[in-house]
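One-letter residues, chain by chain:
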Amino acid sequence: MKGEMHMVIVRVNRKFKDSLFRVIFSEKKELLELYNAINGSHYENPDDLIITTIGDVLYLGMKNDISFLIGQHLSLYEAQSTWNPNMPLRGLFYFSRLYQGYLKEHQLDLYSRRPLSLPFPEFIVFYNGTMEQPDRTQLRLSDLFYQAEGVPCLECTATMININYGHNEEMMKSCRKLYEYAFLINAVRSRLNEGLHLEAAVDQAVEDCIQHDVLKNFLLKHREEVREMILSEYDEELHINSEKKISYEEGLEAGVVQGTQHGQERVNALITRLAAAGRADDIIRSAEDSAYQEQLFQEFGI
């Protein structure tokens, strides 16, 4: 198989912004290194890898980060900063579209009396959110179905890999670019936790990486683009946090959490600090756990 698969375009959206993860692993060399690190394989020729990512397209309101063929494997890679148990359903939608493209590219007859030979699917979700998660987790489509007797006729399994700094260290050693990506995201969060505003935190994190020779050439060449991508991604997270903050405040008004006006001001200040640091999960947990809320008060000196 030579060249790249040409996927059927559904709807073009020129305003869709690439994620930093996708840009870093857009080159076949880096993507092949990542694949080898995950699977323990030893492919050496980047041209063995055939990109199948659906182009500048949103399909059902979604865009996959990276998909590709290598050998007889069809891999789909997604990067997520928010815990999402529904990824297997998204994977089902993506793979359906990818296999449609595969059949068209290879002129395979879906109605043939002979069974078709299809590449083996692999779905990896790279998670770098703030919720504590193990190094690897299996997410299954069948877990989303209403419970009923029998075996469902559909299944899609996503392997979620925690790529937060300090997790999956052996994999990070095997894939330098993955380690550097984790380092950069961790640097941004560290600067946010120091109290810097988002823009300043991103700028300082980029400087930290350059000084430590992390993504140095990439950042020197694409500093402004990287800055805009990170800010855009964090804007989405902060919007989610803001919605959760509103729900939390409504709960406070309804009497879920009682306290004096001074106590209310402390809670509001805590929510604001957590939202700025991209810690949506801590906002929710603190609303449910008063002891943990007090721990956060002490952490932020409120």
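Scope of this entry: the structure provided in the associated data block.

Cut-off values and rules
Residues numbered from 1 in each chain as written. Predicted model: local features only at pLDDT ≥ 70, side-chain atom pairs only at ≥ 80, totals over all residues. Heavy atoms only, no water. Buried < 20%, exposed > 50% of the residue type's maximum accessible area, 1.4 Å probe, protein only. Helix = DSSP H or I, 4+ residues; strand = E, 2+ residues; numbered from the N terminus. Pairing = 2+ DSSP bridges. Right-handed = clockwise from strand over helix to strand, strands pointing away. Patch = residues over 30% accessible without salt bridge, like charges linked within 9 Å, V, L, I, M, F, W, Y side chains within 5 Å. Areas by Shrake-Rupley, 256 points an atom, 1.4 Å probe, with all protein chains shown as cover. Salt bridge = Lys/Arg side-chain N within 4 Å of Asp/Glu carboxyl O. Expected span 1.5 Å × (residues − 1). Core = buried A, V, L, I, M, F, W, Y, C linked by side-chain atoms within 4.5 Å. Contact = heavy atoms within 4.5 Å.

1. A few points about the pairing of strand 3 (residues 73–80)
Thought 1: Of all eight residues in strand 3, seven are buried, a share of seventy percent or more.
Thought 2: When strand 2 (residues 66–70) meets strand 3, the two strands line up antiparallel, connected through five bridges. Paired with Leu 69 across the bridge in strand 3 is Leu 74.
Thought 3: A loop of two residues connects strand 2 with strand 3, the two strands running antiparallel in sequence, and Gly 71 in this loop sits at a positive phi of about 60 degrees.
Thought 4: Crossover connection from strand 3 via helix 3 (residues 87–105) to parallel strand 4 (residues 120–127): handedness right-handed.

2. Considering a nonpolar patch on the surface
Thought 1: A contiguous nonpolar surface patch, about 210 Å² in accessible area, is contributed by Leu 89, Phe 93 and Leu 144.
Thought 2: Within the secondary structure, Leu 144 is located in the loop between strand 5 (136–140) and strand 6 (157–162).
Thought 3: Residue classification places Leu 144 among the partly exposed positions, given a relative accessible area of 36%.

3. With respect to helix 5 (residues 176–193)
Thought 1: Between its first and last C-alpha atoms helix 5 spans 26 Å; for 18 residues at 1.5 Å apiece the expected length is 26 Å, and the two agree.
Thought 2: Restricting attention to buried positions, one finds in helix 5 the residues Leu 178, Glu 180, Tyr 181, Ala 182, Phe 183, Leu 184, Ile 185, Ala 187, Val 188, Arg 189 and Leu 192.
Thought 3: Following helix 5 by one or two positions, Gly 195 adopts a phi angle in the positive range, close to 105 degrees.

4. Some points on the nonpolar core
Thought 1: Among the nonpolar cores identified, the biggest contains 49 residues, and Leu 34 and Tyr 77 are the most heavily contacted of them.
Thought 2: Looking at which element gives the most residues to this core, the answer is helix 5, with nine residues.
Thought 3: Here Leu 34 is in contact with Phe 21, Phe 25, Tyr 77, Phe 126, Cys 175 and Leu 178, once residues within four sequence places are set aside.
Thought 4: Formed by 20 residues, the second largest nonpolar core is a distinct cluster that contains Leu 74, Leu 76, Phe 95 and Ala 158.

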